[in-house]
Number of protein chains: 2
Amino acid sequence: MEIVAPPTETPYDKREGERRGIIIVNTGNGKGKSTAAFGLALRAFGRTHVHGKLVKIFQFMKVPSARFGEHRVFEQLGIPVEGLGDGFSWKSQDLEHSAQLARDGWQKCKAAILCGDYFLVVLDEITYPLIYGWMPLDDVLHTLKNRPKHVHVVLTGRDCPQEIIDLADTVTEMTMIKHAFDAGIPSQRGIED
Amino acid sequence: MEIVAPPTETPYDKREGERRGIIIVNTGNGKGKSTAAFGLALRAFGRTHVHGKLVKIFQFMKVPSARFGEHRVFEQLGIPVEGLGDGFSWKSQDLEHSAQLARDGWQKCKAAILCGDYFLVVLDEITYPLIYGWMPLDDVLHTLKNRPKHVHVVLTGRDCPQEIIDLADTVTEMTMIKHAFDAGIPSQRGIED
């Protein structure tokens, strides 16, 4: 039996060093970009809430009233999840309204990142308003660069702009190898919504 | 401004159809395989616990006493997380002991999957004992194939055996584009552990 490599990333934990916030990007066309961000928020919260550090999740493409499975649990735990969009924006009859919502939402994100109160801020599906040109990439880059040193930020969505990838510390691409839906299996409640 | 594609997978939710358990695999060398599985468990739990459906997480490469950030929160919520391993098994002085733990652990997983009590069973890092030859792949495949129809199973870990990928409904490969650690940034408590 040959044991060739560490099976997990756990050895990283063994290394002592500087505490600083990192920028994490989950991109690609596969599942798990947002789900991994939510899982990370949960981990951070589990680590930090006893010390009063805060975690906040913003969702650019969800309506403020969206309440999926994880929303209810996060609410119960005390992790705020705020929808900033108007739902399925690509169907929207009023794209300028969607764009304005994204710009307004970004101001809330920016304030949360810059205020320094949060240990972790999740910007879920932020790549879409950026790709659509609804809000300025420069301001996002500037905010990330000038955030308080301890603040972790997770950004998710397909087709992440290269400038954000260049700035990020950790980038994962989620690639769809296969998807149940393509095999004719409908979405399963509690799993995919 | 061109809106070319649905920015999220949400349209899947609109499709009505058969309710059946699916097999989900998160593999690849990137971050987020386990984190996404934990996020999915949370979503499923949020969807289901009001109806008394159960979620269970097994971790093959963690010790039973492992308590990371997410463990504490899951415990608080009432989602059992059970470590089945002896820690960093590739450093183990007694690989046969590690192998036996994996085989014993697999029997628990098998029982949980087959009993039908669970809405979702997570088999975190199960690929490693399989790759190491510590437990029989055939029994895992047989169990997945013969599980009660409603049971969802998530399997994680690098280098997932092709037979499991072939059987799975949804497979995502997490690819590391870059990692903070490689840039000399040490592991950040509450984010990576």
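Residues numbered from 1 in each chain as written. Chains lettered and ligands numbered in written order. Predicted model: local features only at pLDDT ≥ 70, side-chain atom pairs only at ≥ 80, totals over all residues. Heavy atoms only, no water.

> I would appreciate a short explanation of the overall build of chain A in the present structure.
The helix and strand inventory of chain A stands at 6 helices and 6 strands. When the helices and strands of chain A are read in sequence order from the N terminus, they spell out β-α-β-α-β-α-β-α-α-β-α-β. Sorting the 193 residues of chain A into buried and exposed places 59% on the buried side. Carbon and sulfur atoms make up 50% of the accessible area of chain A, which amounts to about 7,700 Å² in all. (Helix = DSSP H or I, 4+ residues; strand = E, 2+ residues; numbered from the N terminus. Buried < 20%, exposed > 50% of the residue type's maximum accessible area, 1.4 Å probe, protein only. Areas by Shrake-Rupley, 256 points an atom, 1.4 Å probe, with all protein chains shown as cover.)

> Help me out: how do you make sense of the sheet that holds strand 5 (residues 152-156) of chain B in this one?
Note on sheets: strands pair through backbone hydrogen bonds, and any given pair is parallel or antiparallel. Strand order in the open sheet made by the 12 strands is 3(A)-2(A)-4(A)-5(A)-1(A)-6(A)-6(B)-1(B)-5(B)-4(B)-2(B)-3(B), with mixed pairing throughout. The two strands at the open ends of the sheet, each matched to only one other strand, are strand 3 (81-83) of chain A together with strand 3 (81-83) of chain B. The mean inter-strand angle of the sheet, taken between neighbouring strand axes irrespective of direction, is 15 degrees. Note that strand 2 (residues 54-59) of chain A and strand 3 of chain A share 3 bridges and pair parallel. (Pairing = 2+ DSSP bridges. Axes fitted to C-alpha atoms, helices over the stretch in contact; angles between N-to-C directions.)

> Sorry if this is basic, but what is going on with the pairing of strand 2 of chain A here?
Residues and elements named next belong to chain A. Burial of strand 2 is extensive: 5 of the 6 residues sit out of reach of the surface. Pairing between strand 2 and strand 4 (residues 118-124): 6 bridges, direction parallel. If you follow Val55 over to strand 4, its bridge partner there is Leu120. One crossover worth recording links strand 2 to the parallel strand 3 by way of helix 2 (residues 69-77), and it is right-handed. (Right-handed = clockwise from strand over helix to strand, strands pointing away.)

> Looking at this structure, I do not really get the environment of Gly30(A). What am I missing?
All names here are of chain A. Note that Gly30 resides in the loop between strand 1 (23-27) and helix 1 (33-48). Judged by relative accessible area, Gly30 falls into the buried class, the value being 1%. For Gly30 and Thr175, which are 145 residues apart along the polypeptide, the C-alpha to C-alpha distance reads 4.3 Å.

> What am I meant to see in the nonpolar core here?
In globular proteins that are soluble, nonpolar side chains generally tend to be buried together. Among the nonpolar cores identified, the biggest contains 46 residues, and Phe74(A), Leu120(A), Phe74(B) and Leu120(B) are the most heavily contacted of them. Within the residue set of this core, elements represented by two or more residues are helix 1, strand 2, helix 2 and strand 4 of chain A together with helix 1 (33-48), strand 2 (54-59), helix 2 (69-77) and strand 4 (118-124) of chain B. Those residues within four positions of Phe74(B) in sequence are excluded, and the remaining contacts are Leu42(A), Phe38(B), Ala41(B), Leu42(B), Ile57(B), Ile79(B) and Val81(B). (Core = buried A, V, L, I, M, F, W, Y, C linked by side-chain atoms within 4.5 Å. Contact = heavy atoms within 4.5 Å.)

> I keep staring at the packing of aromatic side chains and nothing clicks. Help me out?
Two numbers describe a pair of aromatic rings. These are the distance of the centres and the angle of the planes. Residues and elements named next belong to chain A. Counted by the stated rule, this structure contains 4 aromatic pairs over all chains. Consider the rings of Tyr132 and Trp134, whose centres lie 4.9 Å apart with planes at 65 degrees: the pair is edge-to-face. Across the pair, exposure class does not vary: Tyr132 and Trp134 are buried alike. (Phe/Tyr/Trp six-rings, centres within 6.5 Å; stacked < 30°, edge-to-face > 60°.)

> Sorry if this is basic, but what is going on with helix 3 (residues 95-115) of chain B here?
Side chains three or four residues apart in an α-helix point the same way, a direct result of the helix having 3.6 residues per turn. Residues and elements named next belong to chain B. Here helix 3 contains 21 residues, and its C-alpha end-to-end distance of 30 Å stays within 8% of the 30 Å for a straight helix at 1.5 Å per residue. Listed in full, the buried residues belonging to helix 3 are Ser98, Ala99, Ala102, Gly105, Trp106, Cys109, Ala112 and Ile113. The buried residues of helix 3 occupy one face: seen down the axis, they fall within an arc of 135 degrees. If you follow the buried residues of helix 3, they end up packed against strand 2, strand 4, helix 4 (127-131), helix 5 (137-145) and strand 5. (Expected span 1.5 Å × (residues − 1). Arc of directions from axis to C-beta.)

> What is the right way to look at unusual backbone geometry in this model?
Backbone geometry at Asp159(A) places phi at a positive 50 degrees, although glycine is not the residue there. Structurally, the position occupied by Asp159(A) is in the loop between strand 5 (152-156) and helix 6 (162-167).

> Even after reading the chapter, I still don't get the state of the cysteines, so can you show me in this structure?
Two cysteines joined by a covalent bond between their sulfur atoms form a disulfide. Residues and elements named next belong to chain A. The final tally for this structure, using the stated rule, is 0 disulfides over all chains. This cysteine, Cys109, is not joined by any disulfide, and Cys115 carries the nearest cysteine sulfur, 12 Å off. For Cys109, a relative accessible area of 0% puts it in the buried group. (Disulfide = S-S within 2.5 Å.)

> Would you mind showing me how to read the packing of helix 3 (residues 95-115) of chain A against helix 5 (residues 137-145) of chain A here?
In a packed pair of helices, the relevant descriptors are the angle between the two axes and the axis-to-axis distance. Residues and elements named next belong to chain A. Interhelical geometry of helix 3 versus helix 5 gives an angle of 15 degrees and a closest axis separation of 10 Å. The orientation of helix 3 relative to helix 5 falls into the category roughly parallel. Handedness of the crossing formed by helix 3 with helix 5: left-handed. Here Trp106, Gln107, Lys110, Ile113 and Leu114 of helix 3 lie close against helix 5, whose contacting residues are Asp139, Val140 and Thr143. In terms of residue class, the contact of helix 3 with helix 5 is built from 4 nonpolar, 2 polar and 2 charged. (Parallel < 35°, antiparallel > 145°, perpendicular 65-115°, else oblique. Left-handed = near helix turned anticlockwise from the far one by under 90°. Nonpolar A, V, L, I, M, F, W, Y, C, P; charged D, E, K, R; others polar.)

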